[in-house]
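So you can see what is in the structure, the chains are spelled out below.
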Amino acid sequence: MKKINFLLLFILSIFIFSCGSNNGNKKSDFSLNITEKKKQFSQNEVLKASISSKENKKYDSVAYFIGDKRLASGKTSELEVDLSLVLLGNQNLTAVVYYDSTRDTLQKSLKIMSARAPKVYTYEIVNTYPHQTDAYTQGLEFHNDTLYESVGQYGKSKLRKTELETGEVYKEISLEDEYFAEGITILDDRLLLLTWQEGQGFIYDPNTFERQGTFAYNSSKEGWGLCNNGEKIYKSDGSEKIWILDPETLAEKSFIQPTTNTAIKSKFNELEWVDGLIYANTYQFPSVAMINPENGAIEGIINFKGLQDKLGNKDSLDPNNDVLNGIAYHAATGKLYVTGKKWDTMFEVKIVEK
């Protein structure tokens, strides 16, 4: 079976290559030119590009894309595109030139950065609540006034329902020892739980914790964080990508890249949907990014420096591992809660712009 699959893939790759850019090994008769002669742009700029041909070779039409977004098509060789309309991060400008019953596919790599630096926020502690110190917190989420928590590490991974006011665990199941639990989210009466490097997630009944199925990661190699906006599911994997999952099949369909005005960021761990933005904590850093889900722009950074000093068990924690992780937003009350791995405290916080 493996030999047959390999043969099919080999034949398919030859077919795609022969039908794709530049007609196999033949050098293209056309070139793609960016007027500004640079690779990095801001989203408030207009990108200008054009197609030139060798020896005035004629073509029938040109189609332009950035990523999967079709920008323009027709007989004109020139392109002007408002970059506020496209996704941020590492992108490819692609021109497909149709001529003589064939086509050439030309590409240029781009970096598209946010137009503005993120706003900087700090926090005020509103309330504190107990938190179980055995909880290597991975995912944290409210659903119907119930606080759900996933706990990581091999041989210790669990899924829990907890009481906010007392920290008491009143329902819990353990995962098999070979799984490292990661982020969770709940949508349409399905609780989704990621595993770290095992290439799959689990689907549970949120009331009974009965496992109902699994789902694969497809393109990404790891599972880190999850959240949803009631329609779309967002998944982080430690890279610069936050994946958008099909809500029915849970397949990774597309992605955004969290980007500031100077850099494309990665290592986003726990995710939470808060008032139209994705809140994402950066692993091993006391900060939470506020990410625009439409284009990936990091619109704000919440600095939680000093919060760990408020813990009763701070001296017993591993400073490199037992870090801020766990964001839960109660949409009905508008209250935001954060905690960390093995922290003895859950904090209700108010976010304040500096």
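Scroll up for the structure.
What you see is a predicted model; the values in this text were computed from it and never measured. Counting starts from 1 at the beginning of each chain's written sequence and moves along it residue by residue. Owing to the predicted nature of the model, reporting of local features is limited to residues with pLDDT of at least 70; listing and counting of side-chain atom pairs is limited to 80 or more, with chain, interface and lining totals taken over all residues. Hydrogens are left out, water is left out, and the side-chain values use all remaining heavy atoms of the structure.

Caption draft 1: Focus on the overall build of the chain. Helix and strand counts for the chain stand at 1 helix and 28 strands. The principal-axis extents of the C-alpha atoms in the chain amount to approximately 75 × 55 × 35 Å. Going through the 354 residues of the chain one by one, you find that 49% of them count as buried. In the chain, 54% of the contacts between residues at least 6 apart in sequence involve partners at least 24 apart. Residue-level accessible areas treat just the shown protein chains as cover; the underlying method is Shrake-Rupley with a 1.4 Å probe. Carbon and sulfur atoms make up 48% of the accessible area of the chain, which amounts to about 17500 Å² in all. For the chain, the distance from the average site of its 41 positive side-chain charges to the average site of its 48 negative ones is 9 Å. Under the scheme used here, helices are H or I runs from DSSP no shorter than 4 residues and strands are E runs no shorter than 2 residues, and both carry numbers assigned from the N terminus. Note on classification: 1.4 Å probe, protein chains only; a residue is buried when its accessible area is under 20% of the maximum for its type, exposed when over 50%, partly exposed between these limits. For this analysis, residues touch if any pair of their heavy atoms sits within 4.5 Å. Residues scored as positive are Lys and Arg, those scored as negative are Asp and Glu, and His as well as the terminal groups of each chain are ignored. By convention, the charge on Lys lies at NZ, on Arg at CZ, on Asp at CG and on Glu at CD.

Caption draft 2: Representation of the pattern of salt bridges. Salt bridge, as used here: a side-chain nitrogen of Lys or Arg that lies within 4 Å of a carboxyl oxygen of Asp or Glu. Counted according to the given criterion, the structure contains 7 salt bridges. Taking the shortest distance from any N to any O, the salt bridge between Glu 172 and Arg 160 comes out at 2.6 Å. Separated by 12 residues along the polypeptide, Glu 172 in strand 13 (residues 169–174) and Arg 160 in strand 12 (residues 158–162) bring together distant segments of the chain. Using a relative accessible area of 3% as the deciding quantity, one classes Arg 160 as buried. A salt bridge links Lys 235 to Glu 252; its shortest N-O distance comes to 3.5 Å. Of this pair, Lys 235 sits in strand 19 (residues 233–236) while Glu 252 sits in strand 21 (residues 252–256); the two residues are 17 residues apart in sequence, bridging distant segments of the chain. Overall, Glu 252 belongs to the buried group, its relative accessible area being 10%. A single network of salt bridges, built from pairs that share partners, joins Asp 134, Lys 158, Arg 160 and Glu 172.

Caption draft 3: A look at the packing of aromatic side chains. To pair, rings of Phe, Tyr and Trp, with the six-membered ring standing in for Trp, must have centres within 6.5 Å; the planes then decide the type, stacked if under 30 degrees apart, edge-to-face if over 60, and tilted in the middle. Per the stated rule, a full pass over the model turns up 17 aromatic pairs. Between Tyr 129 and Tyr 337, the aromatic rings sit 6.3 Å apart at their centres with planes inclined by 55°, giving tilted as the arrangement. Within this pair, whereas Tyr 129 is found in strand 9 (residues 119–130), its partner Tyr 337 is found in strand 27 (residues 335–340), the two being separated by 208 residues in sequence. Comparing Tyr 129 with Tyr 337, the two get one shared label, buried. Here the aromatic rings of Trp 243 and Phe 255 are separated by 5.2 Å at their centres, their planes lie at 65°, and the arrangement is edge-to-face. With Trp 243 in strand 20 (residues 242–245) and Phe 255 in strand 21, this pair connects stretches of sequence that are 12 residues apart. For Trp 243, a relative accessible area of 7% translates into the label buried. The rings of Tyr 136, Tyr 154, Phe 180 and Trp 196 are connected pair by pair, giving a single aromatic cluster.

Caption draft 4: Examining the sheet that holds strand 11 (residues 146–151) more closely. Two strands qualify as a pair provided DSSP detects at least 2 bridges between them. Taken together, 4 strands build an open sheet; the order of strands is 10-11-12-13 and the sheet is antiparallel. Looking at strand neighbours, the two that pair on one side only are strand 10 (137–143) and strand 13, the edges of this open sheet. Sheet twist, expressed as the average angle between the axes of neighbouring strands with direction ignored, equals 15°. Relative to strand 12, strand 11 runs antiparallel, the two being bridged by 5 bridges. Between N-to-C directions, angles span 0 to 180 degrees; the directions come from axes that are lines fitted to C-alpha atoms, helices contributing only their stretch in contact.

Limitation: the analysis is restricted to geometry and does not speak to function.
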